[in-house]
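Listed here are the chains, written in short residue letters.
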Amino acid sequence: MSEPSWQKSSFSGGGGNNCVEVAADDGDGIAVRESTDPGRVLTTDRAAFHALLRGAKAGAFDRLAR
């Protein structure tokens, strides 16, 4: 796998390194990492990642934050 081009979350703001970063891998996958621990990378397929995003936007995980 070539070195991914990481993109920070739009919610990370301009400062600090406490954010989620996402990159496409060489295949049909998505790589996700926490910027404070960039050596630990989670990979998944695009369909599962998009389902996670749809759920988050719909508030499906809001009760977990309480």
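Please refer to the structure higher up on the page.
The following paragraphs examine the structure supplied in this document.

Criteria and thresholds
Residues numbered from 1 in each chain as written. Predicted model: local features only at pLDDT ≥ 70, side-chain atom pairs only at ≥ 80, totals over all residues. Heavy atoms only, no water. Buried < 20%, exposed > 50% of the residue type's maximum accessible area, 1.4 Å probe, protein only. Helix = DSSP H or I, 4+ residues; strand = E, 2+ residues; numbered from the N terminus. Pairing = 2+ DSSP bridges. Contact = heavy atoms within 4.5 Å. 1 Å grid on protein atoms, 1.4 Å probe; cavity = no way out; pocket = protein on both sides within 12 Å on 5 of 7 lines; lining within 4 Å. Points joined across faces, edges and corners; volume = space filled by probe spheres on them.

Here we take up the pairing of strand 2 (residues 20-24). Only one face of strand 2 is covered, namely the face carrying Glu21 and Ala23; the face carrying Val20, Val22 and Ala24 is uncovered. Bridge count for strand 1 (residues 7-8) against strand 2 is two bridges, and the pairing is antiparallel. Among the inter-strand pairings, Gln7 is bridged to a residue of strand 2, identified as Val22. Bridge analysis of strand 2 against strand 3 (residues 29-34) gives five bridges, and the strand direction is antiparallel. By the bridge assignment, Val22 is partnered in strand 3 with Val32. Hairpin connection from strand 2 to strand 3: four residues lie between these consecutive antiparallel strands.

A few words on the environment of Thr44. Along the chain, Thr44 turns up in strand 4 (residues 41-45). Along the sequence, Thr44 and Asp28 sit 16 residues apart, while their C-alpha atoms lie 8.8 Å from each other. Setting aside residues up to four positions removed in sequence, Thr44 forms contacts with Gly29, Ile30 and Phe49.

Quick look at the environment of Arg40 now. With respect to the helices and strands, the residue Arg40 is situated in the loop between strand 3 and strand 4. Contacts of Arg40, omitting those with residues within four sequence positions, involve Val32 and Arg33.

This brings us to the pairing of strand 3. For a regular strand, side chains alternate in direction, first toward one face of the sheet and then toward the other. Across the six residues of strand 3, five count as buried, placing the element largely inside the fold. Relative to strand 4, strand 3 is paired through five bridges, and the arrangement is antiparallel. Residue pairing across strands places Ala31 opposite Thr43, the latter belonging to strand 4. Connecting strand 3 to the next strand, strand 4, in antiparallel fashion are six residues.

In this structure, the largest pocket encloses a volume near 360 Å³. Ser9, Val20, Val22, Phe49 and Leu53 are the residues nearest the centre of the largest pocket, which is lined by 14 residues in total. Of all the elements in the fold, those that place two or more residues in the lining of the largest pocket are strand 1, strand 2 and helix 1 (46-58).

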